[in-house]
Amino acid sequence: MSKGWKIYWVVVAATVTNYMIMILWSLQLVSEMAGGGVPFDMRPGGYSFDDAQAFLTVITDAGRDFYLNTQQLLDLFYPTLFAITIAIPLAHWVPRYWGWALAVLAIAAGVFDHLENSAVAVMLRVEPDALTEAMVSTASNWTLAKSISTTIASVALLLVLCIKGITWLKTRKAKAG
């Protein structure tokens, strides 16, 4: 394995670790501090003004602080790690321009996630009655863009891995037989 691929696998490990910390700890804690409400980051279909206002009404001050500082700090690294983890194998293994197009989509997912984080931070810094439709619409649209691009890029990588795996198995069987 080349040095480049070894570095790549370290990035994959960092991505998975960061994601697991968020899923199993920080986002769970945000939800608990919001009376069981689903954090904005975990609403792939976006959210309405009423949904956002309801969440911001029930989340405690400690919950806002934790979401803004701890959760958003963890989520500062995740989008870039995700983009690298998905984009590199797509660009490397998918032929012609398709690989680069899918890699750009993975990078876009990371950018959309960063934009979502910024928009969510704006909402968390205001009182529920100061929330505007524009704030919520902006954040929700970034969430939706992140969700769509993340899903497409992730499914593309899974398909590529399946195809690579099947090809490897066929080659191995042919050599053995």
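Because the structure is a prediction, the values reported are computed rather than measured. (Residues numbered from 1 in each chain as written. Predicted model: local features only at pLDDT ≥ 70, side-chain atom pairs only at ≥ 80, totals over all residues. Heavy atoms only, no water.)

Undergrad: Account for the overall build of the protein chain, naming residues and giving values.
TA: Within the protein chain, the regular secondary structure consists of five helices and zero strands. In the protein chain, the succession of α and β elements from N to C terminus is α-α-α-α-α. Its C-alpha atoms put the protein chain at 70 × 30 × 25 Å along the principal axes. Relative to its full complement of 177 residues, the protein chain shows a buried share of 42%. If you take every contact in the protein chain between residues at least 6 apart in sequence, the share linking residues at least 24 apart comes to 76%. (Helix = DSSP H or I, 4+ residues; strand = E, 2+ residues; numbered from the N terminus. Buried < 20%, exposed > 50% of the residue type's maximum accessible area, 1.4 Å probe, protein only. Contact = heavy atoms within 4.5 Å.)

Undergrad: Give a detailed account of the environment of Tyr78, specifying residues and quantitative values.
TA: One can find Tyr78 in helix α3 (residues 61-93). Once the C-alpha coordinates of Tyr78 and Lys3 are considered, the two residues, 75 residues apart in sequence, prove to be 23 Å apart. Apart from the residues lying within four places of it in its own chain, the contact partners of Tyr78 are Thr15, Asn18, Tyr19, Met22 and Asp113.

Undergrad: How would you summarise the packing of aromatic side chains if you had to cite specific residues and measurements?
TA: Within this structure, the stated rule accounts for 11 aromatic pairs. These aromatic residues form a ring-pair network of at least three members: Trp5, Tyr8, Trp9 and Trp93. (Phe/Tyr/Trp six-rings, centres within 6.5 Å; stacked < 30°, edge-to-face > 60°.)

Undergrad: With reference to specific residues and values, describe the pattern of salt bridges.
TA: Once the charged atoms of two side chains with opposite charge are near each other, the side chains can pair. All chains considered together, the criterion is met by one salt bridge. Close ionic contact of Lys146 with Glu116 constitutes a salt bridge, the shortest N to O distance being 3.0 Å. Of this pair, Lys146 sits in helix α5 (residues 133-176) while Glu116 is found in helix α4 (residues 96-124), placing the two residues 30 residues apart along the sequence. (Salt bridge = Lys/Arg side-chain N within 4 Å of Asp/Glu carboxyl O.)

Undergrad: Account for a nonpolar patch on the surface, with residues named and values stated.
TA: Taken together, Val16, Tyr19, Met20 and Leu24 make up a surface patch of nonpolar side chains, about 370 Å² in accessible area. With respect to the element layout, Leu24 can be found in helix α1 (residues 3-32). When its relative accessible area of 59% is taken as the criterion, Leu24 is described as exposed. (Patch = residues over 30% accessible without salt bridge, like charges linked within 9 Å, V, L, I, M, F, W, Y side chains within 5 Å. Areas by Shrake-Rupley, 256 points an atom, 1.4 Å probe, with all protein chains shown as cover.)

Undergrad: Let's hear about the layout of surface pockets: which residues, and what values?
TA: Approximately 480 Å³ is the volume found for the largest pocket. Residue contributions to the lining of the largest pocket peak at eight residues, all from α1. Each residue belonging to the lining of the largest pocket can be placed in one class, and the counts come to 11 nonpolar, six polar and four charged. Each pocket or cavity is described by its volume, and for the second largest pocket that value is around 180 Å³. In this structure, the second largest pocket is lined by Tyr8, Trp9, Phe82, Thr85, Ile86, Pro89, Trp93, Ser154, Leu157, Leu158 and Leu161. Elements that contribute at least two residues to the lining of the second largest pocket include exactly α1, α3 and α5. Looking at the lining of the second largest pocket, the element that brings in the most residues is α3, giving five residues. The residue inventory of the lining of the second largest pocket, partitioned by class, reads nine nonpolar, two polar and no charged. (1 Å grid on protein atoms, 1.4 Å probe; cavity = no way out; pocket = protein on both sides within 12 Å on 5 of 7 lines; lining within 4 Å. Points joined across faces, edges and corners; volume = space filled by probe spheres on them. Nonpolar A, V, L, I, M, F, W, Y, C, P; charged D, E, K, R; others polar.)

Undergrad: Describe the packing of α1 against α3, and please don't skip the residues or the numbers.
TA: Contact geometry of α1 with α3 gives a least axis separation of 8 Å together with a crossing angle of 145°. Judged by the twist between their axes, the crossing of α1 over α3 is left-handed. Here the contact of α1 with α3 is composed, by residue class, of 23 nonpolar, seven polar and one charged. (Axes fitted to C-alpha atoms, helices over the stretch in contact; angles between N-to-C directions. Left-handed = near helix turned anticlockwise from the far one by under 90°.)

Undergrad: Break down the packing of α3 against α4 for me, citing the residues and quoting the values.
TA: Where α3 contacts α4, the two axes come as close as 7 Å, and the packing angle between them is 175°. Here α3 is positioned roughly antiparallel relative to α4, judged by the angle of their axes. A per-class count over the contact of α3 with α4 returns 21 nonpolar, six polar and three charged. (Parallel < 35°, antiparallel > 145°, perpendicular 65-115°, else oblique.)

In short, the description is geometric, and any link to function would need to be established separately.
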